[in-house]
Number of protein chains: 2
Amino acid sequence: MLRVPADDHLAVTVRVLTALGAPEAPAREQGELLLEGDLRGHASHGIRRLPVLAGRIRAGLCAPAAVPELDWSTPAVLRVDGHTGLGPPVAHRAVEALVERGTGVAVAAIRRAGHLGMLAPYVERLAGAGLIGLAVTTSEALVHPWGAAPAMLGTNPLAVAVPTEGEPVVLDMATGQISRGKVLDHAHRGEPLPAGAAVDASGAPTTDPTAALDGAISPFGGPKGYALSLVLELMVASLTGTALGREVRGTLDTTDPVTKGDVLIALDPAAFGGGVALGPFLDELRALDPAPGHAGVQIPGDRARATRAANLAAGVPVDPGTWAEVTAL
Amino acid sequence: MLRVPADDHLAVTVRVLTALGAPEAPAREQGELLLEGDLRGHASHGIRRLPVLAGRIRAGLCAPAAVPELDWSTPAVLRVDGHTGLGPPVAHRAVEALVERGTGVAVAAIRRAGHLGMLAPYVERLAGAGLIGLAVTTSEALVHPWGAAPAMLGTNPLAVAVPTEGEPVVLDMATGQISRGKVLDHAHRGEPLPAGAAVDASGAPTTDPTAALDGAISPFGGPKGYALSLVLELMVASLTGTALGREVRGTLDTTDPVTKGDVLIALDPAAFGGGVALGPFLDELRALDPAPGHAGVQIPGDRARATRAANLAAGVPVDPGTWAEVTAL
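For every chain, the first residue of the written sequence is number 1, and numbering continues from 1 onward in sequence order. Chain labels run from A onward and ligand labels from 1 onward, assigned in the order the entries are written. Given that this is a predicted model, residues contribute local features only at a pLDDT of at least 70 and side-chain atom pairs are listed and counted only at 80 or more, while totals for whole chains, interfaces and linings are drawn from all residues. In computing side-chain properties, one takes all heavy atoms of the structure into account and sets aside hydrogens as well as water.

An unreviewed UniProt entry lists chain A under the name Malate/lactate/ureidoglycolate dehydrogenase, LDH2 family, with Pseudonocardia oroxyli given as the organism.

Enquirer: What is the right way to look at the overall build of chain A in this model?
Expert: What chain A contains, in helices and strands, is 11 helices and 12 strands. Radius of gyration (C-alpha) of chain A: 20 Å, near the 20 Å computed for a compact globule of 329 residues. By principal-axis analysis of the C-alpha atoms, chain A measures approximately 55 × 50 × 45 Å. Evaluated residue by residue, chain A yields a buried proportion of 58% over its 329 residues. Here, residues are in contact when the closest pair of their heavy atoms is within 4.5 Å. Contacts spanning at least 24 positions in sequence make up 65% of the contacts within chain A whose residues lie at least 6 apart. With the model as given, the accessible surface of chain A reaches about 12100 Å², and the carbon-plus-sulfur share is 53%. Under the DSSP-based scheme used, a helix requires at least four consecutive residues in state H or I and a strand at least two consecutive residues in state E, with every element numbered from the N terminus. Computation of the radius of gyration draws on C-alpha atoms, with the globule rule given as 2.2 Å multiplied by the number of residues to the power 0.38. The rule is simple: take the accessible area with a 1.4 Å probe, protein chains only, and divide by the maximum for that residue type; under 20% is buried, over 50% is exposed, in between is partly exposed. The method behind every accessible area is Shrake-Rupley, applied with a 1.4 Å probe, and residues are considered shielded solely by the protein chains displayed.

Enquirer: I tried to follow the interface of chain B and chain A on my own but got confused; where do I start?
Expert: Note: interface size is frequently given as the accessible area lost on complex formation between the parts. With 76 residues of chain B in contact, the opposing surface of chain A contributes 76 residues. Approximately 6000 Å² of surface area, both sides summed, lies buried where chain B meets chain A, with 78% of it carried by carbon and sulfur atoms. By convention, the term buried area covers the 1.4 Å-probe accessible surface removed from two parts as they join, with the contributions of both added. Among the residues of chain B in contact with chain A, Lys224, Phe272 and Phe281 of chain B are the three that bury the most area, contributing 12% of the side total. Salt bridges, as used here, are contacts in which a Lys or Arg side-chain nitrogen is within 4 Å of a carboxyl oxygen on Asp or Glu. At the junction of chain B and chain A, the tally comes to 2 salt bridges. Linking Glu284 of chain B and Arg246 of chain A is a salt bridge whose minimum nitrogen-to-oxygen distance equals 3.8 Å. The definition of a polar contact used here is a pair of N or O atoms within 3.5 Å, where within protein one atom must be able to donate a hydrogen and the other to accept one, and adjacent residues in sequence count solely through side-chain atom pairs. At the junction of chain B with chain A, the criterion picks out 14 residue pairs in polar contact (both at pLDDT 80 or more). Listing elements by their share of the side of chain B that touches chain A, those giving two or more residues are β2 (69-74), β3 (77-85), β4 (105-113), β5 (132-137), β6 (158-162), β7 (169-173), α8 (222-240) and α9 (279-286) of chain B.

Enquirer: I would appreciate a short explanation of helix α11 (residues 320-328) of chain A in the present structure.
Expert: Side chains that are three or four residues apart share a direction in an α-helix, a result of its 3.6 residues per turn. Residues and elements named next belong to chain A. When we look at burial in α11, the residues that qualify are Thr322, Trp323 and Val326. Burial along α11 is one-sided: seen end-on, the buried residues are contained in an arc of 95 degrees. Residues of α11 that are buried make contact with β1 (2-4), α1 (6-19), α3 (50-58) and β12 (316-318). The backbone nitrogen of Gly321 has a side-chain oxygen 3.2 Å away, supplied by the residue at the start of α11, namely Asp319. Directions pointing from the helix axis toward each C-beta atom define the arc.

Enquirer: What is the right way to look at the pattern of salt bridges in this model?
Expert: Oppositely charged side chains are able to pair whenever their charged atoms sit close together. Residues and elements named next belong to chain B. The tally for this structure, following the rule as stated, stands at 34 salt bridges over all chains. When the shortest N-O distance is used, the salt bridge between Asp81 and Arg112 registers 2.9 Å. With a gap of 31 residues between them, Asp81 in strand β3 and Arg112 in strand β4 connect regions that are remote in the sequence. Looking at Arg112, the relative accessible area reads 32%, which means it is partly exposed. A salt bridge links Glu191 to Arg189; the shortest N-O distance between them is 3.0 Å.

Enquirer: Would you mind showing me how to read the relation of the copies chain B and chain A here?
Expert: For the pair of chain copies, the relating operation is a rotation around an axis with a shift along it. Least squares is the method for superposing the copies, and the C-alpha atoms it fits come from residues with pLDDT of at least 70 in both. Mapping chain B onto chain A calls for a rotation angle of 180 degrees and an axial translation of 0.0 Å; the resulting RMSD is 0.0 Å. The transformation relating the two chain copies, once decomposed into turn and shift, fits a two-fold axis. In terms of proximity to the rotation axis, the leading residue of chain B is Gly221 of chain B, whose C-alpha is 1.8 Å off the axis. Looking at the interface residues of chain B, 100% of them are also at the interface in chain A, so both copies use one shared face.

Enquirer: Just to check I follow, could you spell out helix α1 (residues 6-19) of chain B for this structure?
Expert: Residue and element names in this part refer to chain B. Each residue after the first adds 1.5 Å to the expected span of a helix. The first and last C-alpha atoms of α1 sit 20 Å apart over 14 residues, in line with the 20 Å expected at 1.5 Å per residue. The set of residues buried in α1 consists of Ala6, His9, Leu10, Val12, Thr13, Val14, Val16 and Leu17. Check the buried side of α1 and you find it contacts β1 (2-4), α2 (24-39), α3 (50-58), α10 (302-314), β12 (316-318) and α11 (320-328). Trailing α1 by a residue or two, Gly21 shows a phi angle of about 105 degrees, which is positive.

Enquirer: I'm lost on the packing of helix α4 (residues 87-101) of chain B against helix α5 (residues 120-128) of chain B in this one. Help?
Expert: For any two helices packed against each other, the geometry comes down to the angle between their axes and how far apart the axes lie. All names here are of chain B. Contact geometry of α4 with α5 gives a least axis separation of 10 Å together with a crossing angle of 20 degrees. Considered as vectors, α4 and α5 are oriented roughly parallel to each other. Handedness of the α4/α5 crossing: right-handed. Seen from α4, the contacting residues are Gly87, Pro88, Ala91, His92, Val95, Glu96, Leu98 and Val99; seen from α5, they are Tyr122, Arg125 and Leu126. Gly is put with the polar residues, along with every residue not named as nonpolar or charged; the nonpolar set is Ala, Val, Leu, Ile, Met, Phe, Trp, Tyr, Cys and Pro, and the charged set is Asp, Glu, Lys and Arg. Class assignment of the residues belonging to the contact of α4 with α5 gives a composition of 7 nonpolar, 2 polar and 2 charged. Helix axes are fitted only over the stretch in contact, all axes being lines through C-alpha atoms; the angle between N-to-C directions runs from 0 to 180 degrees. The labels follow the angle: roughly parallel below 35 degrees, roughly antiparallel above 145, roughly perpendicular from 65 to 115, and oblique for the rest. Whether a crossing is left-handed or right-handed is set by the direction in which the near helix is turned from the far one by less than a right angle, anticlockwise for left-handed and clockwise for right-handed.

Enquirer: What is the right way to look at the packing of aromatic side chains in this model?
Expert: Think of a pair of aromatic rings as described by two things: how far the centres are apart, and how the planes are tilted against each other in angle. Ring pairs shown here join Phe, Tyr and Trp side chains whose ring centres sit within 6.5 Å, with only the six-membered ring taken for Trp; geometry is labelled stacked below 30 degrees between planes, edge-to-face above 60, and tilted in between. Within the structure shown, the criterion is met by 1 aromatic pair over all chains. Seen from their ring centres, Phe220 of chain A and Phe220 of chain B are 5.3 Å apart, and the 45 degrees between their planes marks the pair as tilted. Within this pair, whereas Phe220 of chain A is found in the loop between β10 (216-217) and α8 (222-240), its partner Phe220 of chain B is found in the loop between β10 (216-217) and α8, the two belonging to separate chains. Taken individually, Phe220 of chain A and Phe220 of chain B each receive the classification buried, so the pair is uniform in this respect. Above the plane of the ring of Trp72 of chain A lies Arg101 of chain A, whose end atom (NZ or CZ) is 3.8 Å from the centre. By the criterion adopted, a ring carries a charge over it if an Arg CZ or a Lys NZ lies within 6 Å of its centre and within 35 degrees of its normal.

Right, here's the structure in full:
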């Protein structure tokens, strides 16, 4: 891994996107999201995504200067049309609108926005304003429904941030057992997948990453995880008017218009009465003796913050091949 | 299993609760929820709960004639104080208020209500009114956090119903891998637990149900399921002003005041633009060839509806010992 200064990392994205017609501000917001991905150790949501983004702009599928359209259809329901703009600026405008709303609960349903990238930064912004933030988004069908072979569901990530007296608790997880990027990495290195991570083309569980590429990723948590992923996909499609299953597009290719959707929910504990101290309970969990074979209890968000701080100090880890590709852009 | 006519099942609960001071209407609402549990094959949420309910009323911990207090603190935020009344009537008043609201999204935060029972019937009512319904509730600490041994989290169930052109999709799942009732059943029969369902007192995975009773239930889906359960518990506590972890009470004992909380969320697809057909995608999933060893893809809610219809026709299945106990009451 190369170690790249954060400013250089950001500058590459901004230079590439502004050269392709993006104004400085949205280019910077996109760059910051890619930087967050690499800073937190999720290269799959890092600057590795820039070539596809650039390709989508060149193909006319993403309009990096688009201004999103925000429409409050009720006092608490925000409909957002991204007009095929970059994802982070669209989602940031939605987050800002939710924060200012003051209705105690408000929901933004976003369509025609580019890939949002990691969801954690958005719900963290909501938590930073004292709100519980939830984000869920659909994505290309890579995950099989429980009981059948074909990939019919997205990895449909869910992020939740809950403000506390200290740092927020931040969950950011895909509902797939493993990412497609990790399957590709395992195939590249010839290493077996963890048991239960994927099925082959017949639907039988496999640890062979090459067979998994012809098959599908498994949902996390078996039938319950499948059911959760399905209802999230239905909910996002229903609220945003976007696509389902194999019709979902917008984050992986440079050929198809975006048809995925994103939903952000903000809840203000103060409007509900508030005043519950969450910190002591979290500290109690952190202080528990580790179970055999474990290092102790992780509070969601703690590890990402530690990784981020370490990488800010040591330099942003970027795969040399990726760095060569994006700097060549 | 005995097969009991649904009317007799309902009559037993109504007679017991009215004799203990409940008015007819809330007694009936409670009875219907217990009936739904048994009708759907979830005896743990069926009439087996009646003795504890009766015990809580006798102990003064549940006031079956209480009138819940509903307060819209914003146009979309409903605060509900159940005044220690029976759970179903409190939650039904909240559901009715959410349905009538017309704000596109609205949230009810409920405290001091008795055990709601199965969550599916509440979100089904919301879906019946064309709304996406979500329900989440905290419960007594029976589940260990990932990485440590002690039970510190509830089985924290989550229910989601999404209206479609036909029957709604209805997810209703605990975030624990298995229920405590099932661990007790396995211990009673001397049968091993499924792998991964529980840990012993040291935190090591065990399939011995007796060791599991001294240990804790595992979260479904490993670390992701743990993280999901934790953020749901934090969210409910934060919005309802109720307890966390080992302080959560109200559904299992006849000694402690209720300190759990419940959150209901209603989202109106029509307010978001609506008009997405979900049925064809669901039918596509149902029609997929089964993977090896599977019977095909289940859409959440289908099986519960089929079980319910079969049990309505054949009689409600009730354990003979349970039936003897509740009829003696």
